[in-house]
Amino acid sequence: MKSTKYQVFLSSTYSDLADERESIIKAILEMYHIPIGMEMFSAEDEDQWEIIRRTIEVSDYYVLVLGLRYGSKTSEGISFTQKEYEYALEKNIPILAFVMKDTVSLPKDKRDDDLSEINKFRERVLTNSKMAQFWETKDQLIKNVSISLMKQIMQKPGIGWVRGDQASAEEALSKELTALSKENRELRERVTDLESKISSKLPGIEIDIVPPAIDEHFNSYRTKEMPEPLKFDDIEEHLLEFVSKQDIENYNNSIPSQQDLEDYNKDCERLYKIKNYSSSLVIKAANNGSAKANNLYVDIEFPEGVFIYEKGEKHSEPKNPIPINPIKHAQAEYAKQLQAKATALSSLYSPFGLGNELRDLSSLVKSDFNLANIRPINQHWWTKLEGRKITIKIDSLLHTRLMTFDDEYMIVPLIEGKHTIAVNVICEEYDDIASTVVELNI
């Protein structure tokens, strides 16, 4: 049995809950704690409120039992029970509330005819008191009070009371515990200090990435607009032999959806930035620690706003979803017809064929042989690009040494602003993966 006794303030209406109060007081006494309630003073005498207030202040726990009567009121217009509850709430006294279910059948002298006031009080208690429980019978109430009070004492013990002859012994024990705690803290500090002196040296890997540059034309790509449907009646007469109604109908039916056009514009803008803002990706791996790093792996994950590709990689034009305008095609055919007539006419006066055709020089250009993807074999390091992630493998990196990788990949900013790059580092000397981030301001 613990020597600390806890004071428990019991609050409720009296006449309708007299039996329940008596049983609760008995249960608290059987737990070797101190019950305090209106039995000790006249709770409905406002002259006694100062005594009640001080009693609540020095209590360790506050038990509230609600039936279906609101009780007599104070000059403030609230019941004495609610006034006690509000004061315990204000003083942060641990509150254990037990609320009778409103479905319990009670005689008229134990139940208000108008339940509006008690229901309002019940609702406030249920809202503010985390330990609130419902009850129906006296036995259930006593059991709930005993168990809840026991749990509360174990989880959040109050200050309580001790016998005068035990106070000195507990004070001596407290001083001894304080001294032991201080000694324990000092020993832990010494252990930490010794561990720091004998700890093995470790590499310290830092990754730096040079941000790409942009200019005032970065967001200047002009998107394609949605074409308007054509009308056959709007075609000029001299073009009618080159275009039919079916051509106009096929064109109108081939106009893309808004989503298809947006996707095409997005791909075109991406290609515009690849062609104009690609630059060599420069990655610097430095060992600023106190030991060499062996079997070093560095995973660098780039965000969606940055595009990485291998040098020499070709990027094709996206397929245009907008169909060829048949009217413009007819205009081109008509112009070719006029040119053919003019050429035929001029050939009458040119026996040597002054209208010689130009040779297509592009046919003479030999096919490219891309050497960019052929890399020399290196036995000390390698890199690999998978999607948006680059993996760098280095056999060993001495401390205070720096390696720069700048001739394998290209970087393209797709969105200006701040980008966060995730970096994971592992080597033989690390117990776990070292994760960090690199910020790119573009």
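Not measured: the values here are computed from a predicted model. (Residues numbered from 1 in each chain as written. Predicted model: local features only at pLDDT ≥ 70, side-chain atom pairs only at ≥ 80, totals over all residues. Heavy atoms only, no water.)

A word on the pairing of strand β14 (residues 409-413)
- Judged by how many residues are buried, β14 sits mostly within the fold: 5 of 5 residues are covered.
- Taking every second residue as pointing to the same face, both faces of β14 are buried, with Tyr 409, Ile 411 and Pro 413 on one and Met 410 and Val 412 on the other.
- The sheet contact formed by strand β10 (residues 306-310) and β14 spans 5 bridges and is antiparallel. Its bridge partner being in β14, Glu 310 is matched across the sheet by Tyr 409. (Buried < 20%, exposed > 50% of the residue type's maximum accessible area, 1.4 Å probe, protein only. Helix = DSSP H or I, 4+ residues; strand = E, 2+ residues; numbered from the N terminus. Pairing = 2+ DSSP bridges.)

Some words on helix α4 (residues 116-128)
- Counted at 1.5 Å a residue, the expected span for α4 with its 13 residues is 18 Å, and the 19 Å between its end C-alpha atoms agrees.
- Considered for burial, the residues of α4 that qualify are Ile 118, Phe 121, Arg 122 and Val 125. The arc enclosing the buried residues of α4, seen along the axis, measures out at 100 degrees, which places them on a common side. Along α4, exposed side chains directed more than 90 degrees from the buried face belong to Lys 120, Glu 123 and Thr 127.
- Structurally, α4 contributes buried residues whose contacts are with β3 (61-66), α3 (80-90), β4 (95-100) and β5 (133-135). (Expected span 1.5 Å × (residues − 1). Arc of directions from axis to C-beta. Contact = heavy atoms within 4.5 Å.)

Thoughts on unusual backbone geometry
- Backbone geometry at Tyr 32 places phi at a positive 65 degrees, although glycine is not the residue there.
- Position of Tyr 32 among the secondary structure elements: in the loop between α1 (18-30) and β2 (34-36).

Considerations on the packing of α1 against helix α5 (residues 138-155)
- The N-to-C vectors of α1 and α5 enclose an angle of 35 degrees; their axes lie 10 Å apart at closest approach. Of the two possible hands of crossing, α1 and α5 adopt the one that is right-handed. Where α1 abuts α5, its residues Asp 19, Glu 20, Ser 23, Ile 24, Ala 27 and Ile 28 lie against Lys 138, Leu 141, Ile 142, Val 145, Ser 146 and Leu 149. (Axes fitted to C-alpha atoms, helices over the stretch in contact; angles between N-to-C directions. Left-handed = near helix turned anticlockwise from the far one by under 90°.)

Points about the side chain of Gln 82
- Topologically, Gln 82 is positioned in helix α3.
- Among the polar contacts listed, one links the side chain of Gln 82 to the side chain of Tyr 70, at a separation of 2.6 Å.
- For Gln 82, the contacting residues outside a window of four places in its chain are Tyr 70, Phe 121 and Arg 124. (Polar contact = N/O pair within 3.5 Å; in protein donor to acceptor, adjacent residues only side chain to side chain.)

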